[in-house]
Amino acid sequence: MTLSLATWNINSVRLRMPIVEKFLDEKQPDVLCLQETKCQDDLFPAEPFAQRGYVHQAIHGQKSYNGVAILSRLPLAEIDSRDLCGVGHARHISAVFEAGGKVIRLHNFYVPAGGDEPDREANPKFGHKLDFVEEMKLLHSEAEAGRSSILVGDLNIAPLEHDVWSHKQLLKIVSHTPIETEGLTEAMRKGNWLDLMRQHTPEPTKLYTWWSYRSADWSAADKGRRLDHVWSSHDLGPHLEAIEILREARGWDKPSDHVPVMARFAF
DNA sequence: ATGGTCGCGCTGCGA
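Calculation rules
Residues numbered from 1 in each chain as written. Chains lettered and ligands numbered in written order. Predicted model: local features only at pLDDT ≥ 70, side-chain atom pairs only at ≥ 80, totals over all residues. Heavy atoms only, no water. Near = heavy atom within 4 Å. Polar contact = N/O pair within 3.5 Å; in protein donor to acceptor, adjacent residues only side chain to side chain. Nonpolar A, V, L, I, M, F, W, Y, C, P; charged D, E, K, R; others polar. Patch = residues over 30% accessible without salt bridge, like charges linked within 9 Å, V, L, I, M, F, W, Y side chains within 5 Å. Areas by Shrake-Rupley, 256 points an atom, 1.4 Å probe, with all protein chains shown as cover. Salt bridge = Lys/Arg side-chain N within 4 Å of Asp/Glu carboxyl O. Lys, Arg positive; Asp, Glu negative; His and termini not counted. Charge placed at Lys NZ, Arg CZ, Asp CG, Glu CD. Helix = DSSP H or I, 4+ residues; strand = E, 2+ residues; numbered from the N terminus. Buried < 20%, exposed > 50% of the residue type's maximum accessible area, 1.4 Å probe, protein only. Phe/Tyr/Trp six-rings, centres within 6.5 Å; stacked < 30°, edge-to-face > 60°. Lys NZ or Arg CZ within 6 Å of the ring centre and 35° of its normal. Expected span 1.5 Å × (residues − 1). Arc of directions from axis to C-beta. Contact = heavy atoms within 4.5 Å. UniProt positions renumbered as here; feature names shortened; annotations may be inferred. Pairing = 2+ DSSP bridges. Right-handed = clockwise from strand over helix to strand, strands pointing away.

J.: Where do I start with the protein's contact with DNA strand B in this structure?
T.: In the vicinity of DNA strand B there are 17 residues, among which S12, L15, R16, S64 and R214 approach most closely. Of everything in DNA strand B that lies within 4 Å of the protein, sugar and phosphate atoms constitute 66%. One of the backbone N or O atoms of Y213 is found 3.3 Å from a sugar or linking oxygen in DNA strand B. R214 is positioned such that a nitrogen or oxygen atom in its side chain is 2.6 Å from a base nitrogen of DNA strand B. Among the residues making up the surface near DNA strand B, the classes are represented as 5 nonpolar, 3 polar and 9 charged.

Here it is, written out as structure tokens:
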């Protein structure tokens, strides 16, 4: 049996429904995790997902900003959202499902972008980002006995040299500063998480999941960053069959600035 | 080259 799972920062789920439907019809993931849904739960477009078989829905939204959701063809249990940093932002949701004889805890995160200035004194949004990552260090992939874990989402940090178009030019740019990349690496190490995208495609191959809107020709310039991630507990590593970054989605009509990342497991 | 483009929801804020 197989499991396919996708993560996508959608930058407004309501505006993006035409391309979300196109993606689901073409790729048919079992589970889809969305970030930046930017809508309250009572305005979430639940029906088009349900019509495609995604009848199990865990949504945690807020007006205008943030918002995360898990849309699933597999039953979801123990749905839970955490308020990291205690500021009331909708940036996390988790649920438990079964696949391949395993019970899997799935975490879906939207880490704060952190503003422009990489200085926590001058820029409180950067401090919030660092504090958020600090809390993520407490999340262990083996936190629940007998259960596997998957952590996905827009983590807004490109941790490795080849996760950005120019390591040197981005060292002082928020998303690739040493304090952020070391923080994310430490969260991965402390929680004993596997970076499945890099297990499948090691460095020095460049991997990007985001290209700025502020670029005339995003594809030719190709100044991307790997901000979206798929992590798992170590027991799932041998079951990973493929990772696919759907680069073409950046060129679809009215695109998000992020593209879907898919992971396929075989059991 | 230090700009540029989005989305929300109606004014600037966040990305």
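The structure having been displayed, the exposition proceeds.
J.: What exactly am I supposed to notice about a negative patch on the surface here?
T.: On the surface, D116, E117, D119 and E121 cluster together into a patch of negative charge. Along the chain, E117 turns up in the loop between β7 (102–110) and α3 (124–136). Taking the relative accessible area as the measure of exposure, E117 reaches 45% and is therefore partly exposed.

J.: Before we go on, may I ask you to explain the packing of aromatic side chains in this structure?
T.: The geometry of two aromatic rings is summed up by the distance between their centres and the angle between their planes. Taken as a whole and judged by the stated rule, the model has 8 aromatic pairs. Each ring, one from F109 and one from F132, has its centre 6.1 Å from the other, and the planes form 85°; the classification is edge-to-face. Here F109 is found in strand β7, whereas its partner F132 is found in helix α3, with 23 residues between them in sequence. On the numbers, 6.4 Å between centres and 15° between planes, the contact of F265 with F267 is stacked. What makes F267 partly exposed here is its relative accessible area of 27%. Site record: aromatic cluster; members linked through ring pairs are W8, F23 and W252. For K22, the ring lying beneath its charged end belongs to W252, and the centroid distance is 4.8 Å.

J.: Explain helix α5 (residues 178–190) to me, please; I cannot follow it from the model alone.
T.: Residues spaced three or four apart along an α-helix point in a common direction, a consequence of the helix completing one turn every 3.6 residues. Over its 13 residues, α5 runs 18 Å from end to end, which matches the ideal 18 Å to within 8%, given 1.5 Å per residue. When α5 is considered as a whole, its buried residues turn out to be E180, T181, G183, L184, A187 and M188. Projected onto a plane normal to the axis of α5, the buried residues spread over an arc of 160° and lie on a single side. Facing away from the buried side of α5, by more than 90 degrees, are the exposed residues E182 and R189. Elements that come into contact with the buried residues of α5 comprise α3, β9 (194–195) and β10 (228–232). Downstream of α5 by a residue or two, N192 has a phi angle that is positive, lying close to 55°.

J.: Even after reading the chapter, I still don't get the UniProt feature "domain: Endonuclease/exonuclease/phosphatase" (unreviewed entry) in chain A, so can you show me in this structure?
T.: Mapped onto the present numbering, the UniProt feature "domain: Endonuclease/exonuclease/phosphatase" (unreviewed entry) falls at residues 6–258. The straight-line gap between the two end C-alpha atoms of residues 6–258 is 12 Å; of that span, 22% is helix and 24% is strand.

J.: Where do I start with unusual backbone geometry in this structure?
T.: Excluding glycine, most residues fall at negative phi; most peptide bonds, likewise, are trans. A cis amide bond, omega 10°, links E203 with the succeeding residue P204. Inspection of the secondary structure assignment puts P204 in the loop between α6 (196–200) and α7 (218–221). Here the phi dihedral of Q28 falls at roughly 50°; this positive angle occurs in a residue that is not glycine. Considering the arrangement of structural elements, one finds Q28 in the loop between α1 (17–27) and β2 (31–35). Despite not being glycine, K254 shows a phi value in the positive range, around 50°. Inspection of the secondary structure assignment puts K254 in the loop between β11 (240–245) and β12 (261–266).

J.: Please explain the pattern of salt bridges as it appears in this structure.
T.: Tallied over the entire structure, the rule returns 19 salt bridges. Among the ionic contacts, a cluster of salt bridges with common partners joins E78, R105, E144 and R147.

J.: Would you take a moment to explain the pairing of strand β1 (residues 2–9) for this structure?
T.: The side chains of a regular strand alternate, residue by residue, between the two faces of the sheet. Counting buried residues in β1 gives 7 out of 8 residues, a clear majority hidden from the surface. By the bridge criterion, 5 bridges tie β1 to β2 in an arrangement that is parallel. Each residue of the ladder has a partner; that of L5, found in β2, is V31. At this point the chain moves from β1, through α1, to the parallel β2, and the crossover so formed is right-handed.

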